[in-house]
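Secondary and tertiary structure notes
Chain residues, written in single-letter form:
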Amino acid sequence: MELDVIKQVDPQVAEYIEKELKRQQTTIELIASENFTSKAVMAACGSVLTNKYAEGKPYKRFYNGCDNVDVIEELAQERAKKLFNVGHANVQPHSGAQANMAVFLYALKAGDTIMGMDLSNGGHLTHGSPVNFSGMYFNVVSYGVDENGCINYDEVAKLAQQHKPKMIICGASNYSKIIDFKRFREIADSIGAYLMADIAHIAGLVIGGVHPSPAGYAHFITTTTHKSLRGPRGGIIMCEDEHAAGIDKAVFPGVQGGPLEHIIAGKAIALLEASKPEFKTYAEQIVKNAKALATGLIDEAMEIVGGCTENHLMTLDLRKYNKTGKDIANILEKVGITANKNTVPNDPQSPFVTSGIRLGTPAVTTRGFKEEDMNEVAKIIASAVFSSDNELGLKNLKERSFKLCLKYPLY
Ligand code: DSN
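This structure is a prediction, so every number in the text was calculated from the model and none was measured.

1. Some thoughts on the environment of phenylalanine 352
Relative to the helices and strands, phenylalanine 352 resides in the loop between β13 (340-342) and β14 (356-360). Judged by its relative accessible area of 65%, phenylalanine 352 is exposed. In this structure, the C-alpha to C-alpha distance between phenylalanine 352 and serine 401, residues 49 residues apart in sequence, is 26 Å.

2. As for the site of the ligand
If you check the shell around the ligand, you find Ser33, His124, Ser173, His201, Lys227 and Arg358 and nothing else. Here serine 33 contributes a side-chain N or O atom positioned 2.7 Å from an oxygen atom of the ligand. At a separation of 2.7 Å, an oxygen atom of the ligand approaches a polar side-chain atom of histidine 201. Contact with the protein chains removes 62% of the 230 Å² of surface that the ligand exposes when unbound.

3. Section: the pairing of strand β8 (residues 194-198)
Extensive coverage of β8 is indicated by the burial of 4 of its 5 residues. The pairing of strand β7 (residues 167-170) with β8 spans 4 bridges and is classified as parallel. For isoleucine 169, the partnering residue across the bridge sits in β8 and is methionine 196. With helix α8 (residues 181-190) bridging β7 and its parallel neighbour β8, the resulting β-α-β unit is right-handed. Summarising the sheet, β8 and strand β9 (residues 220-224) pair through 3 bridges and their orientation is parallel. Residue pairing across strands places alanine 197 opposite isoleucine 221, the latter belonging to β9.

4. Comments concerning helix α13 (residues 325-334)
Of the residues making up α13, those classed as buried are Gly325, Ile328, Ala329, Ile331 and Leu332. Taken around the axis of α13, the buried residues stretch over an arc of 160°, which confines them to a single face.

5. Some thoughts on the sheet that holds β8
Spatial ordering of the open sheet is given by β4-β10-β9-β8-β7-β5-β6, a layout of 7 strands whose pairing is mixed. Looking at which strands have only one partner, the edges of the open sheet turn out to be β4 (88-90) and β6 (139-143). Recorded for the sheet is a direction-independent mean angle of 20° between the axes of neighbouring strands. Two elements, strand β5 (residues 113-117) and β6, share 5 bridges in a ladder whose sense is parallel.

The rules behind the values
Residues numbered from 1 in each chain as written. Predicted model: local features only at pLDDT ≥ 70, side-chain atom pairs only at ≥ 80, totals over all residues. Heavy atoms only, no water. Helix = DSSP H or I, 4+ residues; strand = E, 2+ residues; numbered from the N terminus. Buried < 20%, exposed > 50% of the residue type's maximum accessible area, 1.4 Å probe, protein only. Near = heavy atom within 4 Å. Polar contact = N/O pair within 3.5 Å; in protein donor to acceptor, adjacent residues only side chain to side chain. Areas by Shrake-Rupley, 256 points an atom, 1.4 Å probe, with all protein chains shown as cover. Pairing = 2+ DSSP bridges. Right-handed = clockwise from strand over helix to strand, strands pointing away. Arc of directions from axis to C-beta. Axes fitted to C-alpha atoms, helices over the stretch in contact; angles between N-to-C directions.

Next up, the structure:
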């Protein structure tokens, strides 16, 4: 229906939206940060709310005509507060990066020391990478993972004592183990630092009760809404009441202008969906599927960073086979599997090449994949890695991927 409307105005854009729909329907999505949001969320994001300017907060706006968006934004805030058990939620950040930027603006001054996980060990750009604002305006101390792919909390505590950061950041983009928020808070308290938990990847797992919550431990919690939470693309910041006014000011007018009320409506709907019992089952299945995929890959003689997963993702370590992440990501695309190249700890390759492939299960779990399907996916991946120069073999693997997609229709 919407596509017909677009077709009449702009057939070129319509053609590629249609092709993208087909791509999503016919390939196995293993990018750990992607998901398939509901039609209701997408409808809200494509609604008349896109027409409205609403700078400010609900009921305290700089523009008139905000009665309806006030209620919608308040609904999103209240749902986020209840689901994550926090005192305050700002649902306006356009992305996770902007959520993090706003927390930095509120809690830090340029030149302050921050401590976060190193990007090549699984951290995020905004946790202190030198090519990001966080690495340009702050003095960065990074922690990594040990040979088992785990955070060494004693090492983090030692670094904290040594460098006395003003803020410690926990949370990651590529970490397959449970994060000990309590321990992080103890470390932060030992030096009087703020603790920021960036739960962009695991927000859905936290809501579903399959990962501990940072609530009560972190001074600031940031998240995206489109990963395991399965909402529209966007961000949220949560904190206790004492920081609420400062955080709100840091978002607007600090780092953003007008909020995207159509996206905020999508966030409200996604948060309502996440409050249902089915979402808990979904979160549990994400983890079961990830464990099944890891086991399946290990059974096929593949190596996983840290040897197992405790959440929704894992990284294939390709060093043993003399393959690069870049090559294997392209091979996987040929067989109908989408994943991204990723560095492994102490990667000898550059971030553009890498020795790893990150694999995640939130999106396929939304489609309905179960453990036995993940086992088949593991076999397809292993065969693709080991027979990457056999065109006929790759064609057969693509057919097997397609069969799985047909078993679980999307949209
Ligand atoms: N780009 C996201 C991811 O893939 O994890 C992080 O922002």
